[in-house]
Amino acid sequence: MTLTAPEPSPAVTPVARAATTRSYLMCPPTYFDVVYAINEWMDPAVGVDIDLAMAQWLELVRTYRSLGHHVTLIEPVAGLPDMVFVTDSGLVVDGVAMGARYRSALRAVEAEHVLRWLNANGYPEARAPEFVNEGEGDFLVVGDVILAGTGFRSDPRSHPEVADRLGKEVLTLNLIDPTYYHLNTALGVLDDTTIAYLPKAFAPDSLTLLRARFPDALIADEADTAWLGLNLVSDGYNVVLAAQATGLAAQLSARGFRPVPVDFAEFRKSGGGIKCATLELRGARVRTKQRW
Ligand code: ARG
């Protein structure tokens, strides 16, 4: 009798995922508040619970450190209630940094503080961009490619400017739904080749581009993006995401990633999530050991 090997199961083949150590810049939410409305999520009448916000932010810091990542802090500044969303204030790729330029004058000063920090902490050549550019709010790095959002915040002319300064291919994505005003509310980067996104946030031409370049992307559901579930931070294996984004977490597990849920909901009152609070210093030259 001949024994034949069993047919391989048609179930999802587990993919070996690998985490790499990251460096993140974060800003304590000491002065976090919602006192103006520059996106659909913000309502100054609602009020924030600052103690809860601080506790959620500290838990995010603790989570990153427990995963082995480096967290460096920038001093918060009174009168800048959105400075906790430090990702919007810069873009650092392969050890080369750029500052940001905000569309709203209400956030303009944040960019100056973060640029000064970058200049003093290993990126003396970093400069402010010429065109409106909200940093990693709209520019997301996927391996050697940078996905760049426009439509609500960053000026489309900032896209070639970034390509030129950082020497990377930049793909323009047109955002069409004001709820998802920054690219990082509509698209999350999981590793150097894998993304997750919400189709309805993108113009038809951009969807065609995403489908062509990322045919195996995870497709998110609005039940998760309404909690800013795509505003996630991945190290290639561990995916830190909003605790309420349970559908996306299940999809991630099925694809071999490890979801790490963190409740960051107090910041949702400002239209910000986990990724917004986390600026990745890729190819960081200075690794400051700092304790909070
Ligand atoms: N209130 C801030 C703003 O509207 C939130 C920014 C959150 N950052 C983000 N990348 N989505 O600018």
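Note that the structure is predicted; figures quoted are calculated from it, not measured.

A word on the nonpolar core
Then comes step 1: In terms of nonpolar packing, the biggest core is built from 37 residues, with Leu-147, Leu-187, Ile-195 and Phe-202 touching the most fellow members.
Then comes step 2: Excluding residues that lie within four positions of it along the chain, Ile-195 makes contacts with Val-142, Leu-147, Leu-187, Gly-188, Val-189, Leu-190, Leu-210, Phe-214, Ala-217 and Leu-218.
Then comes step 3: Among the nonpolar cores identified, the runner-up in size contains 22 residues, and Met-26, Val-240, Val-260 and Ile-274 belong to it.

Considerations on the packing of aromatic side chains
Then comes step 1: Applying the stated criterion across every chain yields a total of 6 aromatic pairs.
Then comes step 2: Here the aromatic residues Phe-32, Phe-85, Phe-264 and Phe-267 are joined through ring pairs into a cluster of three or more.
Then comes step 3: The cationic tip of Arg-17 hangs over the ring face of Phe-257; the distance from NZ or CZ to the ring centre is 3.9 Å.
Then comes step 4: Looking at Arg-268, its charged tip hangs above the ring of Trp-227, at a distance of 4.0 Å from the centre.

Notes on the sheet that holds strand β2 (residues 70-73)
Each strand in a sheet pairs with another by means of backbone hydrogen bonds, the pair being arranged parallel or else antiparallel.
Then comes step 1: The sheet built from 3 strands is open, its strands ordered β2-β1-β14 with mixed pairing. In the strand order of this sheet, the two ends are held by β2 and β14 (279-280), each with one partner.
Then comes step 2: Taken together, the 4 bridges between strand β1 (residues 23-26) and β2 define a ladder with parallel strand orientation. Residue pairing for β2: Ser-23 is matched across the bridge by His-70.
Then comes step 3: Across the sheet, helix α1 (residues 50-66) is in contact with β1 and β2; its angle to β1 comes to roughly 165°.

Observations concerning the site of the ligand
Then comes step 1: Contacts to the ligand come from 17 residues, most closely from Asn-39, Asp-88, Arg-107, Arg-153 and Cys-276.
Then comes step 2: The separation between an oxygen atom of the ligand and a polar side-chain atom of Arg-153 is 2.8 Å.
Then comes step 3: Alone, the ligand offers 340 Å² of accessible surface; in the complex the protein occludes 100% of this.
Then comes step 4: Among the residues making up the shell around the ligand, the classes are represented as 5 nonpolar, 8 polar and 4 charged.

Notes on the sheet that holds strand β6 (residues 145-150)
Then comes step 1: Spatial strand order, β5-β6-β7: 3 strands in an open sheet with mixed pairing. The open sheet terminates on both sides in strands that have one partner only, identified here as β5 (139-142) and β7 (169-174). With strand direction ignored, the average angle separating the axes of adjacent strands in the sheet is 25°.
Then comes step 2: As defined by bridge partners, β6 adjoins β7 across 6 bridges and the pair is classed as parallel. Residue pairing across strands places Thr-150 opposite Asn-174, the latter belonging to β7.
Then comes step 3: This element, helix α6 (residues 204-213), spans β6 and β7 of the sheet and lies at about 135° to β7.

Comments concerning helix α2 (residues 108-120)
Then comes step 1: Taking 1.5 Å of rise per residue, the 13 residues of α2 would be expected to cover 18 Å, and the 19 Å separating its terminal C-alpha atoms lies within 8% of that figure.
Then comes step 2: Residues of α2 that are buried: Glu-110, Ala-111, Val-114, Leu-115, Trp-117 and Leu-118. Down the axis of α2, the sector holding all buried residues measures 160°, keeping them to one side. In α2, the exposed positions angled more than 90 degrees off the buried face are occupied by Arg-116 and Ala-120.
Then comes step 3: Tucked inside the fold, the buried residues of α2 contact β1, β2, β3 (91-93) and β4 (96-98).
Then comes step 4: Taken from the residues just after α2, Gly-122 is the one with a positive phi, measuring 110°.

What to know about the pairing of β6
Then comes step 1: For β6, a buried count of 6 out of 6 residues is recorded, marking the element as mostly surrounded by other parts of the structure.
Then comes step 2: Alternating residues of β6 divide into Val-145, Leu-147 and Gly-149 and Ile-146, Ala-148 and Thr-150, and every residue in both groups is buried.
Then comes step 3: Across 4 bridges, β5 lies against β6 in antiparallel orientation. Directly across from Leu-140, in β6, lies its bridge partner Leu-147.
Then comes step 4: Joining the antiparallel neighbours β5 and β6 is a turn of 2 residues, in which Gly-143 adopts a positive phi near 60°.
Then comes step 5: At this point the chain moves from β6, through helix α4 (residues 158-166), to the parallel β7, and the crossover so formed is right-handed.

Concerning α1
Then comes step 1: With 17 residues, α1 extends 24 Å from end C-alpha to end C-alpha; this agrees with the ideal 24 Å at 1.5 Å per step.
Then comes step 2: On its buried face, α1 is in contact with β1, β2, β11 (233-234), β12 (238-242) and β13 (258-262).
Then comes step 3: The backbone nitrogen of Asp-51 lies 3.1 Å from a side-chain oxygen of the residue at the head of α1, namely Asp-49.
Then comes step 4: Within two residues after α1, Gly-68 carries a phi angle of roughly 95°, on the positive side.

What counts, and where the lines are drawn
- Sequence order as written defines residue numbering, which begins from 1 separately in each chain.
- A pLDDT threshold of at least 70 governs which residues receive local features in this predicted model, and a stricter bar of 80 or more applies before side-chain atom pairs are shown or counted, although totals over entire chains, interfaces and linings include all residues.
- Just so you know, side-chain values use all the structure's heavy atoms and leave hydrogens and water out.
- The nonpolar core is taken to be a set of buried Ala, Val, Leu, Ile, Met, Phe, Trp, Tyr and Cys residues, with the residues joined through side-chain atoms within 4.5 Å.
- We call a residue buried when its accessible area falls under 20% of the maximum for its residue type, exposed when it is over 50%, and partly exposed in between, using a 1.4 Å probe and counting protein chains only.
- Between two residues, a contact is recorded if the distance between any of their heavy atoms is within 4.5 Å.
- Two aromatic rings from Phe, Tyr or Trp, using only the six-membered ring of Trp, form a pair when their centres are within 6.5 Å; if the ring planes differ by under 30 degrees the pair is stacked, by over 60 it is edge-to-face, and anything between is tilted.
- Two conditions define a charge located above a ring, namely a distance within 6 Å from the ring centre to NZ of Lys or CZ of Arg, and an angle within 35 degrees of the ring normal.
- Paired strands, as defined in this entry, are two strands with at least two bridges between them according to DSSP.
- Comment: elements are numbered from the N terminus, with helices defined as DSSP H or I runs of at least four residues and strands as E runs of at least two.
- For helices, the fitted line uses only the C-alpha atoms of the stretch in contact; every axis is such a line through C-alpha atoms, and the angle between N-to-C directions lies from 0 to 180 degrees.
- What makes a residue near a molecule or strand is one non-hydrogen atom of that residue sitting within 4 Å of it.
- Between N or O atoms, a polar contact is any pair within 3.5 Å; within protein, one atom must be a potential hydrogen donor and the other a potential acceptor, and residues adjacent in sequence are included only when both atoms are from side chains.
- Shrake-Rupley sampling with a 1.4 Å probe provides the accessible areas, and residues are treated as covered by the protein chains on show and by no other component.
- Charged means Asp, Glu, Lys or Arg here, nonpolar means Ala, Val, Leu, Ile, Met, Phe, Trp, Tyr, Cys or Pro, and polar covers whatever is left, Gly included.
- Any helix carries an expected span of 1.5 Å times its number of residues minus one.
- Arc definition: directions from the helix axis to the C-beta atoms.
- Look down the strands so they point away from you; if going from the first strand over the helix to the second traces a clockwise path, that crossover is right-handed.

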